[in-house]
Structure formats: C-alpha cells, structure tokens
Amino acid sequence: MTSITDERGDELMYSGVRISEIVEQNRGIGGVLGLLWFQRELPDYFCKFLELCLIVTADHGPAVSGAHNTIVAARAGKDLVSSLASGLLTIGPRFGGALNAAAEQFSAAFDSNKSPKDFVVDMKKKNEYIMGIGHRVKSLENPDARVKIVKDFVRTQFPRCPLFEFALEVEKITTAKRSNLILNVDGAIAVAFVDLLRESGLFSREEADRYINMGILNAVFVLGRTAGFIGHYVDQCRLDQGLYRHPWDDINYIMPH
Ligand code: ACO
Ligand code: LMR
C-alpha cells in the first residue's frame, strides 16, 4: 500500500497533486514535504518553516561527527553514497538525532503542567540528559545564530508557540548551571515543530503526537544535513585529498601495562 504518491497516470502526483501544479504554484521543497511527509497541502508559513529547518541544519563545519566521517570515507576513496552513509550513521542521541526525544521530553513536561524548574530538577534526579539542551562549542558567550533564526521565525510567524517559550525558560535554568547548556538547534527545531503541529489547526492532537512518535522530527535534520555531507564529499574530491590517517600526537595511548 502507498498513500502519498502515484506515478501510474499521465503525470506523477504527490498526495493527489500533479507535479506540474506543484511547480506552477511554486510550492517549494516545503510544499513537497507537506505532501510526501504529511500527506496534505500546507500553508505558506508552514512550508517556509520546513525550508528554514533544512537551511539551518544543512551543515555545521567539518569537525562534527557526521561531516568528519563523510570526509574520512571520501578520502579513503569511497563513493558518494558510501561516504554519505558513513556520515549519516553518526546521527544519533548526541549529534543531530535528539529532536524526537527533545520533543517528547519537553511536551511531556509541559503537558503535565510541570514548571521549567521542576522539569530540570526531575531530569537531574533521573540522571537523564535533557535532549535538545547543550552544545560542545555554542554557549551564552558564543550563541548559535541558527537558534535565533528559528526563534525569530517562530515568534513572528506561528499562531502560538507555548512549548518554545517553555523551552526558553528551561534554557535560562540550565545555562545558569553551565553556559553551554543552551537550547541547541535540535531542541529549538523540535519544540517549534511541536508548536507547529499542535497550533496550526491542520492536525488533530492525536495526529500531531503520532507524527512526533514516528520520528519525523529527526528526519528534518537527516534531510537537511544530507546536503552538507554531500558538500563535504564533493569538497574532498575537488581538493583531491589523500587518505586520512589520524596523527599519533593526537592519540592518547594508554596501554594496560
Ligand atoms: N541536560 C542536562 N545536563 C547536561 C546536558 C543536558 N542535555 N548536557 C550536559 N549536561 C551536564 C552534564 O550532566 C554534566 O554535568 P556535571 O558536570 O554536573 O556532571 C556537564 O553538563 C557536562 O556534561 P558533558 O556531557 O561533558 O557535556 P558536553 O558539553 O560534552 O555535552 C552534548 C554536549 C553532547 C551536546 C550534551 O549536551 C548532550 O548530550 N545533549 C543532549 C543531546 C542533544 O541535544 N544533542 C544535540 C546537540 S546539537 C546537534 O547535534 C545539532
Ligand atoms: C551541528 O549542527 O552539527 C552542530 O550543532 C553540532 C556541533 O557540534 O557543532
């Protein structure tokens, strides 16, 4: 069974909308994701938010886990798909794959009328990280411009953003402990998406929860960062870089005896 696309007729259709109509109406990749992921035509601000997420997640330099793996594989002579796969396989709970868990944690706390403080205290008691919080290089002193871009869009374009505001209150508490415990780009997109699904009027609450539980939020980072990983593959080929071997002086050899 499939319910999102039909290529059998004279013209390809995404969720019943002819591909020529999608192009003529300039719906963009956001409109395509609406049809292929959410099986519906989405309003302009929703499509623009999807595209904004792809833009801000596209890349974050060669040092991050996934870009590093893509680069190492490319320099080992692997093909594009293999190098891309190597990078994508690093996406997980600590890097790029925290969106879904962040959405679930933040919305569970918010829905149970927990205060931001109680949420932070409870997570600490459970010795669990708050997903969507924390960054290795971004902090209050070195803010992440991507998060500000998402915050400004949410505050100006969304009907309401109660969970985003809750997350910002949580961030005030976590950054009081350590300045790198900011609402990171995973967390910002995650809570914004929950507000979008809940407040847009396009999804029932049950649908909104179902999409989040499916893992659709992590898909946003995967799709966006695929663009950056491909860029790093192409860049290494263009630079004609040889095999990568990590320098000994950067490895701490701690032999058992
Ligand atoms: N929630 C609560 N406390 C945290 C968190 C968190 N998310 N992250 C770190 N801390 C605390 C730790 O408990 C520790 O406290 P302690 O000194 O009292 O024991 C202290 O901060 C240092 O912990 P580290 O793990 O060493 O911090 P680091 O800076 O290396 O962690 C990281 C950065 C990996 C991003 C971490 O914050 C984390 O795992 N966050 C949750 C997952 C997440 O959101 N990842 C997405 C990152 S952005 C992206 O990938 C696009
Ligand atoms: C990213 O988008 O890859 C970053 O936020 C993670 C990092 O460590 O820079």
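Notes on the structure follow. Being a predicted model, the structure only gives us computed values, none of them experimental.

Calculation rules
- Residues numbered from 1 in each chain as written.
- Chains lettered and ligands numbered in written order.
- Predicted model: local features only at pLDDT ≥ 70, side-chain atom pairs only at ≥ 80, totals over all residues.
- Heavy atoms only, no water.
- Helix = DSSP H or I, 4+ residues; strand = E, 2+ residues; numbered from the N terminus.
- Buried < 20%, exposed > 50% of the residue type's maximum accessible area, 1.4 Å probe, protein only.
- Contact = heavy atoms within 4.5 Å.
- Areas by Shrake-Rupley, 256 points an atom, 1.4 Å probe, with all protein chains shown as cover.
- Lys, Arg positive; Asp, Glu negative; His and termini not counted.
- Charge placed at Lys NZ, Arg CZ, Asp CG, Glu CD.
- Pairing = 2+ DSSP bridges.
- Core = buried A, V, L, I, M, F, W, Y, C linked by side-chain atoms within 4.5 Å.

### Observations concerning the overall build of the chain
Across its full length, the chain holds 12 helices and three strands. Classification of the 257 residues of the chain by burial places 44% in the buried group. A sequence separation of at least 24 residues applies to 72% of the contacts in the chain between residues at least 6 apart. In the form shown here, the chain has an accessible surface area of approximately 14100 Å², with 55% of it arising from carbon and sulfur atoms. Averaging the positions of the 29 positive and the 32 negative side-chain charges in the chain gives two centres separated by 7 Å.

### Considering the sheet that holds strand β1 (residues 5-6)
The three strands lie next to each other as β1-β2-β3, forming an open sheet whose pairing is antiparallel. The open sheet terminates on both sides in strands that have one partner only, identified here as β1 and β3 (17-18).

### Structural notes on the nonpolar core
Membership of the largest hydrophobic core comes to 62 residues, with the highest contact counts inside it found for F38, F49, F106, F164 and F193. Elements with a contribution of two residues or more to this core: α3 (44-57), α6 (99-111), α7 (116-125), α8 (145-157), α9 (162-177), α10 (185-199), α11 (205-214) and α12 (216-239). At 10 residues, the largest contribution of residues to this core is made by α10. With residues up to four places along the chain from it excluded, the contact list for F106 reads F119, I130, M131, I133, L163, F166, A167, V170, L183 and V191. Within the second largest apolar cluster, five residues are counted, among which are Y14, V17, V32 and L35.

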